[in-house]
Amino acid sequence: MIRFSEVTKLYPGQGEALKSLSLFIPAEQMVFVTGHSGAGKSTLLRLIALMETHTRGQILIDGINIQKIPEKHRFYLRRQIGFIFQDHRLLNDRTVFDNVALPLVIAGFDHREIPRRVHAALDKVGLLNKENKFPVTLSSGEQQRVGIARAVVNRPPILLADEPTGNLDPELSIEIMKLFEEFNRIGVTVVIATHEVELARSTGHRIIALKDGRLMTPDDASLQEHTL
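Computed from a prediction, not measured in an experiment: that's the story for all the values here.

The next thing to look at is the pattern of salt bridges. A complete count under the given rule lists 13 salt bridges for this structure. Among the ionic pairs, Arg-56 bridges to Glu-16, the shortest N-O distance being 3.0 Å. Pair noted here: Arg-56 is in strand 4 (residues 56-61) and Glu-16 is in strand 2 (residues 15-25), with a separation of 40 residues, a long-range link. Exposure remark for Glu-16: the relative accessible area of 35% places this residue in the partly exposed category. In this structure, Glu-71 engages Arg-74 in a salt bridge whose closest nitrogen and oxygen atoms are separated by 3.8 Å. Taken together, the residues Glu-71 and Arg-74, both in helix 2 (residues 71-78) and 3 residues apart, mark about one turn of the helix. Under the relative-accessibility criterion, Glu-71 is labelled exposed at 53%. Within the structure, one salt-bridge network assembled from shared partners comprises Glu-71, Arg-74 and Arg-78.

Structure representation (structure tokens):
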């Protein structure tokens, strides 16, 4: 599903965020990407999501070399990928319903299909009764679940989450992880960047550990040193 071959990402004036990185994430797998701040976790996700372009190497998504996709066609591949941000990025002047519906509106879905999809997504995250509320009236955990609903409303086969539990307490973090596992059980490929190594290990799913833009083993003591 997702294959990186000798991928390097260089930010001019800042150095290499990823260095000759090679990895493979099969379809329908749930994976955690761990590492200290600056290890390259967010960069990895943003490259998969086509938010940024890599400097060297090759990235294949579902067998497609993303570097060879014309810019005008990248939109269609982006629709196959849901992205969840740590800071929610919700529109505070729009209701929960409108926030979740936004990707469908942008994609040009039939107006009769939009309510069905939005209600299904909100029901999945347990917020169907909040559709007419505004984000500022919700708790942090509820806002994060709205972000998840928005990311899955168009039913993407790939779901990416960048530090989705970074602002949540331990109990809410476990609740959010269970949601991701539910999506994974129905065949969604889930990739989660997190600095919470113990939480990732407790799930029993695969862990990809990064250090200074390179792959490392998840049990390396230096990883724990940088994430404490």
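For the rest of this paragraph, the subject is the sheet that holds strand 10 (residues 214-216). Sheet strands line up and pair through hydrogen bonds in the backbone, either parallel or antiparallel. Read from one edge to the other, the open sheet built from 6 strands follows the order 6-7-8-3-9-10, with strand pairing classed as mixed. Each edge of the open sheet is held by one strand with a lone partner, namely strand 6 (81-84) and strand 10. Averaged over all neighbouring strand pairs, the angle between strand axes comes to 25°, with direction disregarded. Across 5 bridges, strand 3 (residues 30-34) lies against strand 8 (residues 189-194) in parallel orientation. Residue Thr-34 lies in a different strand from strand 8, and its bridge partner there is Thr-194. Across the sheet, helix 1 (residues 41-48) is in contact with strand 3, strand 6, strand 7 (158-162), strand 8 and strand 9 (206-211); its angle to strand 7 comes to roughly 150°.

The 4 strands are arranged 2-1-4-5 in an open sheet whose pairing can be described as antiparallel. Since the sheet does not close on itself, it has two edges, and those belong to strand 2 and strand 5 (64-65), each with one partner. For strand 1 (residues 2-11) and strand 2, the ladder comprises 7 bridges, and the chain directions are antiparallel. Bridge pairing links Arg-3 to Phe-24 in strand 2. Contacting strand 1, strand 2 and strand 4, helix 1 runs over the sheet at an angle of about 115° to strand 1.

Definitions and cut-offs
- Residues numbered from 1 in each chain as written.
- Predicted model: local features only at pLDDT ≥ 70, side-chain atom pairs only at ≥ 80, totals over all residues.
- Heavy atoms only, no water.
- Salt bridge = Lys/Arg side-chain N within 4 Å of Asp/Glu carboxyl O.
- Helix = DSSP H or I, 4+ residues; strand = E, 2+ residues; numbered from the N terminus.
- Buried < 20%, exposed > 50% of the residue type's maximum accessible area, 1.4 Å probe, protein only.
- Pairing = 2+ DSSP bridges.
- Axes fitted to C-alpha atoms, helices over the stretch in contact; angles between N-to-C directions.
- Contact = heavy atoms within 4.5 Å.

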